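Each chain is listed here by its residues.
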Amino acid sequence: TLRSEDNEELRFDDNFLFGVASAAYQIEGAWNEDGKGESIWDHMLHEHPEYTEDRQNGDVAADSYHRYRDDVKIVKEMNMDFYRFSISWPRILPNGDLSLINAKGVEYYNNLIDELLANGIEPMVTMFHWDLPYALQELGGWANRHIATYFRDYADLLFKTYGNKVKWWITLNEPQSFCRGYSGDHFLAPGVEHPGVGEYLCGHTALLAHAHAYHLYEETYRAKQKGEVGITLNSFWYTPKTENDKNAAERAIQFWLGWFANPVFSKEGNYPQVMRERVAANSAKEKLRRSRLPVFTQEEINYIKGTADFFGLNHYTTNYAEEGEEGKTPSADRDAGAIITQNASWPSSGSDWLKVTPTGFRDLLNWIRNAYGDVRIIITENGFSDRNTTVDGILLDDGRVTYFEEYLREMHKAIYTDGVKVFGYTAWTLIDNFEWLHSYQERFGLYYVNFSDPSLTRSAKKSSIYLGEIALTHVVPSQGVQLIASSILL
Ligand SMILES: O=S(=O)(O)CCCN1CCN(CCO[C@@H]2O[C@H](CO)[C@@H](O)[C@H](O)[C@H]2O)CC1
């Protein structure tokens, strides 16, 4: 039921920023071209093509390595203020360390950044979006805390090389997600099977790595470059399945968002108390000598606290949480002590995990403000997938237009009614690209790419016109927008 204000025109203030996002492994291709080193995704999917739905991988993807000018044209076409893209660590440092700097890789990102600036678009760089150099995985990858120092060296090179042009830096994209690559959830590389231990070692190193990059910027670059450094955390909203499941919902968000948000954004720092207590208790039951959750020294707690100029949030959907336990023994899933489900009646998308539940967006934004105070938030991903296969079905993407309209309305309420400090919004994703283990079967793009056509032409979907209008006018038009957008297209 749409409330009265749900078909009013909504306005975002003039300095609100609109952008669109992508990620290197999902869009670039050229997996081994011009000296690029192997990433853990290249390695895993070459070794296990059966891990993806269609046995495809990101070797070519949307070939943005060669077609980035077309991509920038699209960002411009959509009147976006900024483009959030990621730099492939192994494209810059094939061995993962400073022993070899790949000049052609450095040049590619310089060209992309210059193309964006020439079109009046701000580059927003994600330093790490899951594609770890395989050479570092051979040393243990994120489970080896010394990788934090390699990340610091990589960050130093990025700040030095691009920092005069790039003013928006995101250190890590979704540590909660990429650390599942160490807990046996094969949907993410490196596909290491150490549930209950691997994901916590990964998270520990990731937080130290993030903090190293932030302090480095603070000490060496900020005065001259005057940019901002933040981190991107993804979070579902967790709503209690019944009145008795309130604690389970709070535990779920403390585990899955608080795991990284508490150490960086809370006053006390450190992992959430409920996480430290539950993992310690379960570890004791398993006759372990110490908790499976690594312990920060007070010095490390202080070092990590406050290491972000903004809170990057990726949000897509809501889950139910209910009392109970699920997941492997041991595993972070089981440590969290909540059974996560969805309501089959919630409108669906092309992804099993993504239901259209817009009010959860407003609830989550309020939870973050209540938990961490008036931290400046930017939505660094929000989007909708479909599995259409006909060109018309793909281009006339009403489901995506409706999703954006409903989520933007809820975000508008969080900002202007509830007073949550959100200063920007990034749509996921620029063009159809490689959706990890769902490969090219789930499309999140605002533009269509026909992956069986070698020209990989980008074609506008209805949603790109809808969102482009909003980025230009800062107005979410009242209902009926869908008729306008389709008339423009047809
Ligand atoms: O499908 S399955 O049920 O077998 C496994 C679910 C895996 N989830 C999917 C959503 N992702 C958070 C969002 O992940 C983000 O969102 C985008 C869309 O997924 C990705 O393309 C981006 O790279 C990523 O930053 C966390 C991992």
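Residues numbered from 1 in each chain as written. Predicted model: local features only at pLDDT ≥ 70, side-chain atom pairs only at ≥ 80, totals over all residues. Heavy atoms only, no water.

On a plain count of helices and strands, the chain comes out with 18 helices and 15 strands. Here the chain has a C-alpha radius of gyration of 21 Å; the compact-globule value for 490 residues is 23 Å, and the two agree. In terms of its C-alpha atoms, the chain occupies a principal-axis envelope of roughly 65 × 55 × 50 Å. Relative to its 490 residues, the chain shows a buried fraction of 61%. The long-range fraction of contacts in the chain, counting pairs at least 24 apart against all pairs at least 6 apart in sequence, stands at 77%. With an accessible surface of roughly 18300 Å², the chain has 51% of that area assigned to carbon and sulfur atoms. Side chains of the chain carry 47 positive and 69 negative charges; the gap between the two charge centres is 4 Å. (Helix = DSSP H or I, 4+ residues; strand = E, 2+ residues; numbered from the N terminus. Rg over C-alpha atoms; globule rule 2.2 N^0.38 Å. Buried < 20%, exposed > 50% of the residue type's maximum accessible area, 1.4 Å probe, protein only. Contact = heavy atoms within 4.5 Å. Areas by Shrake-Rupley, 256 points an atom, 1.4 Å probe, with all protein chains shown as cover. Lys, Arg positive; Asp, Glu negative; His and termini not counted. Charge placed at Lys NZ, Arg CZ, Asp CG, Glu CD.)

Take the pattern of salt bridges next. Working definition: two side chains of opposite charge can pair if their charged atoms are close together. In the structure shown here, the tally under the stated rule is 31 salt bridges. With its nearest N and O atoms 3.0 Å apart, the salt bridge here joins Arg 84 to Glu 381. Of this pair, Arg 84 sits in strand S3 (residues 82-86) while Glu 381 sits in strand S11 (residues 377-381), and the two are 297 residues apart along the sequence. Glu 381 shares its class with Arg 84; the two are buried. Taken together, the shared-partner salt bridges connect Glu 53, Arg 387 and Glu 442 into one network. (Salt bridge = Lys/Arg side-chain N within 4 Å of Asp/Glu carboxyl O.)

Glancing now at the pairing of strand S2 (residues 17-21). Of all 5 residues making up S2, 4 are buried, and the element is well covered by its neighbours. Pairing of S2 with strand S12 (residues 422-428) involves 5 bridges; the strand directions are parallel. The residue of S12 that forms the bridge with Ala 21 is Trp 428. (Pairing = 2+ DSSP bridges.)

Right, let's get into the sheet that holds strand S5 (residues 168-173). Pairing is parallel around the closed barrel formed by 8 strands, whose spatial order is S2-S3-S4-S5-S6-S8-S11-S12. For this sheet, the mean inter-axis angle between neighbouring strands, taken without regard to orientation, is 25 degrees. Summarising the sheet, S3 and strand S4 (residues 122-128) pair through 5 bridges and their orientation is parallel. Following the sheet pairing, Tyr 83 is matched in S4 by Pro 123. Sheet strands touched by helix H14 (residues 359-372): strand S8 (311-314), S11 and S12. Its angle to S8, the strand with the most contacts, is close to 150 degrees. (Axes fitted to C-alpha atoms, helices over the stretch in contact; angles between N-to-C directions.)

Taken residue by residue, a regular strand's side chains alternate between the two faces of the sheet. Neither face of S8 is left uncovered, since the one carrying Phe 311 and Leu 313 and the one carrying Gly 312 and Asn 314 both have all their residues buried. Both S8 and S11 contribute to a ladder of 4 bridges, which runs parallel. Of the residues in S11, the one forming a bridge with Phe 311 is Ile 377.

With that settled, the discussion passes to the site of the ligand. Close contacts around the ligand come from 17 residues, with Gln 26, His 129, Glu 381, Glu 435 and His 438 the closest. A distance of 3.1 Å separates an oxygen atom of the ligand from a polar side-chain atom of Glu 174. Separating an oxygen atom of the ligand from a side-chain N or O atom of Glu 435 is a distance of 2.7 Å. Expressed as a share of its isolated accessible area of 600 Å², the protein-covered part of the ligand is 82%. Within the shell around the ligand, the residues separate by chemical class into 7 nonpolar, 7 polar and 3 charged. (Near = heavy atom within 4 Å. Polar contact = N/O pair within 3.5 Å; in protein donor to acceptor, adjacent residues only side chain to side chain. Nonpolar A, V, L, I, M, F, W, Y, C, P; charged D, E, K, R; others polar.)

Further remarks concern the confidence of the model for the chain. For the chain, per-residue confidence averages 96 on the pLDDT scale, and 96% of positions sit at 70 or higher. Confidence estimates for the predicted assembly give a pTM of 0.97 and an ipTM of 0.96. (pLDDT = per-residue confidence, 0-100.)

With that settled, the discussion passes to the environment of Asn 110. Relative to the helices and strands, Asn 110 is located in helix H5 (residues 103-118). In this structure the C-alpha to C-alpha distance between Asn 110 and Lys 165, which are 55 residues apart in sequence, comes to 9.2 Å.

Moving on, we get to the state of the cysteines. For the structure on display, the rule yields 1 disulfide. In this model Cys 179 forms its disulfide with Cys 202; the gap between the sulfur atoms is 2.1 Å. Since a negative S-S torsion denotes a left-handed disulfide, the Cys 179-Cys 202 link at about -75 degrees is left-handed. Taken together, the residues Cys 179 in the loop between helix H8 (175-178) and helix H9 (198-225) and Cys 202 in helix H9 connect sequence positions 23 residues apart. Here Cys 179 and Cys 202 have matching classes, each one buried. (Disulfide = S-S within 2.5 Å.)

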